Amino acid sequence: MLRPLSAPDFRRDVVCVLGLPFDVISLEQVEARVRSARTSRAPLLLATANLNFIVAARSNAQFRQAIIHSQLNLADGMPIVWVAKLLRVPLRVRVAGSSLFERLQQASSETALNVFFFGAPDGVAEQACHRVNASRGGVCCVGYESPGFGTVESMSSDDQIRRINEAKPDFLVVALGAEKGLAWIERNFAKLEAPVVSHLGAVVGMAAGCIRRAPPRWQRWGLEWL
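These numbers were taken from a predicted model, which means no experiment stands behind them. Positions within a chain are numbered from 1, following the residues in the order the chain's sequence is written. The model is predicted, so local features are restricted to residues of pLDDT at least 70 and side-chain atom pairs to those at 80 or more, both for listing and for counting; the totals for chains, interfaces and linings are taken over all residues. As a rule here, side-chain values cover all heavy atoms of the structure and leave hydrogens and water aside.

### Thoughts on the sheet that holds strand S4 (residues 72–75)
Argument step 1. Strand pairing is assigned whenever DSSP identifies at least 2 bridges connecting the two strands. Helix numbers and strand numbers start at the N terminus; a helix is a DSSP run of H or I with at least 4 residues, a strand a run of E with at least 2. One open sheet accounts for 6 strands, arranged S4-S3-S8-S7-S5-S6; its pairing is parallel. Both edges of this open sheet fall to S4 and strand S6 (139–145), since each of them pairs with a single strand only. Averaged over all neighbouring strand pairs, the angle between strand axes comes to 20 degrees, with direction disregarded. Lines fitted to C-alpha atoms define the axes, with helix axes restricted to the stretch in contact, and inter-axis angles between N-to-C directions lie between 0 and 180 degrees.

### Notes on helix H4 (residues 78–86)
Argument step 1. All of the buried residues in H4 are Met78, Ile80, Val81 and Ala84. Summarising the axial view, the buried residues of H4 lie within an arc of 155 degrees, below the 170-degree limit, and thus occupy one face.
Argument step 2. Where H4 ends, the next residue or the one after it, arginine 88, has phi of about 60 degrees, a positive value. Here the term buried applies to any residue with accessible area under 20% of the maximum for its type, exposed to any over 50%, and partly exposed to those in between, with areas from a 1.4 Å probe on protein chains only. It is the directions from the helix axis to the C-beta atoms that the arc portrays.

### Comments concerning empty space enclosed by the protein
Argument step 1. Site definitions follow a grid-based scheme: protein atoms alone, a 1 Å grid, a 1.4 Å probe that fits but cannot get out for cavities, and for pockets an open set with protein on both sides within 12 Å along at least five of seven lines, plus lining residues having an atom within 4 Å of a point. Grid points are joined across faces, edges and corners, and a volume is the space filled by probe spheres set on the points. Counted under the stated rule, the structure contains 1 cavity of 30 Å³ or more.
Argument step 2. In this structure, the largest cavity occupies an estimated 60 Å³ of space.
Argument step 3. Around the largest cavity, the lining residues are Leu45, Leu46, Ala47, Ala66, Ser70, Leu182, Ile185, Glu186 and His199.
Argument step 4. Elements represented by at least two residues in the lining of the largest cavity include exactly strand S3 (44–49) and helix H8 (178–188).

Pasting the structure below:
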């Protein structure tokens, strides 16, 4: 059964910063939404926009529309929070996609979410899958695929979508680069069966051990990009 992208519902607690909608929500609330979607199997399209997203959205209408289609759009960058403060917009907390994934991993294995990694350079998604499963935490990897660096169309074959769906993930983590990744999700969302879908590019590299997060103090200071 296909599940088309729904029209944006801005009755939720959402504010506009530099042309994009951002949800006023905490990390704990996002985790609860993810777990609720897993239980109900209700679709949850999750975007994690940073300053680069805002810049790209100004010149790429399709990319901007993909962000607007998300049921949750998180402020994944301290500059967005700083601008919101200057504009007196009630967006006070950064909620990074990497922080969400870490929080899910730290949960009990008894409530583990099944994840599928799609994208990243060759070998990285496989390594991330093995490392996640070796940790025996709150996330279990049920599959991975590195489709290379082709077009969105070449990464959207029926066989590729079937392999993802057959793995029965609760959370599909896409890592194709922000603009290509969101375009891939827009194209294939109706055929995907994972309740939670998000582009979290750096998460796969971090899970694989190829990328290290900045120290917590640097994160709080907004210097993680360095």
